[in-house]
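Working through the structure, step by step
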Amino acid sequence: MRQGFIVLISGPSGVGKGTLIHSLLADQTLNLSFSVSMTTRKPRPNEKDGIHYFFVSHETFLKNIEENNFLEHAQFVGNRYGTPRDYVEKLLNEGKNVLIEIEVDGARQLLKNVDSEKVLSLYIMPPSVQELVRRLRLRGSEDEATIQRRAERFKEEIKYKDQYQHIIINDELETCINDVKALIREKMNI
Ligand code: 5GP
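Procedures and definitions
- Residues numbered from 1 in each chain as written.
- Predicted model: local features only at pLDDT ≥ 70, side-chain atom pairs only at ≥ 80, totals over all residues.
- Heavy atoms only, no water.
- Pairing = 2+ DSSP bridges.
- Helix = DSSP H or I, 4+ residues; strand = E, 2+ residues; numbered from the N terminus.
- Axes fitted to C-alpha atoms, helices over the stretch in contact; angles between N-to-C directions.
- Contact = heavy atoms within 4.5 Å.

1. Thoughts on the sheet that holds strand E4 (residues 53–55)
Pairing is mixed in the open sheet, where four strands are placed in the order E4-E3-E6-E5. Looking along the sheet, the strands with just one partner apiece sit at the ends: E4 and strand E5 (70–76). Here the average twist between neighbouring strands, direction ignored, is 25 degrees. Taken together, the six bridges between E5 and strand E6 (residues 79–84) define a ladder with antiparallel strand orientation. Across the sheet, the residue bridging to Phe76 is Asn79, located in E6.

Written as structure tokens, this is what we have:
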């Protein structure tokens, strides 16, 4: 059976990745499975353990680092996040394409360790930092200090955008979704 490939997506929180990912996963023709990360962050009200993330303690996370269970892991605004290695490899071997949504440091590690033929890497950008902050406020899931820290982090992150094969500006969500779907189909040769 043909192995699947990784669709690696990065971009600041608030850029619209949630909606993008939701519609990619809903499109069965893309044959995508979502890689559920492990994090030490506390769940947001709508988030479910095992679906959005595996929410764990710092101790559990550190144990998983020691046991080399992550394909990559990184710190982001005071919390740790990591991609479970076995889960991703199992899906790829089953012929699934695996959607991995991570920040730039983890992406750097992953791109270093995985054959570039096996990855489609995308960086999703907001039209501006101001627009990003506006969207984060609208979402209302973080306090103002956290929003400012995330905006600062974005200014740092953006320096790494050239490590991705494609940079996509999410100005109009529908266009962004269609552009990403077209790239995945191209990679699948359909
Ligand atoms: P959030 O707290 O908003 O869910 O995620 C914060 C950041 O962590 C986002 O940029 C998201 O892409 C990233 N992230 C989520 N899971 C992982 C992971 O497994 N590894 C890494 N390196 N980053 C992750």
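2. Observations regarding the sheet that holds strand E9 (residues 166–169)
Taken together, five strands build an open sheet; the order of strands is E2-E7-E1-E8-E9 and the sheet is parallel. Across the chains shown, the open sheet's two edge strands, defined by having one partner strand only, are strand E2 (32–34) and E9. Direction aside, the axes of adjacent strands within the sheet are offset by 25 degrees on average. Note: strand E1 (residues 6–10) against strand E8 (residues 119–125), five bridges, orientation parallel. From the neighbouring strand, Val7 faces E8, where its bridge partner is Leu120. Those strands touched by helix H3 (residues 85–93) are E1, E2 and strand E7 (97–101), and its axis lies near 150 degrees from that of E7. Of the strands in this sheet, E1, E2, E7, E8 and E9 are in contact with helix H7 (residues 173–188), which crosses E8 at around 170 degrees.

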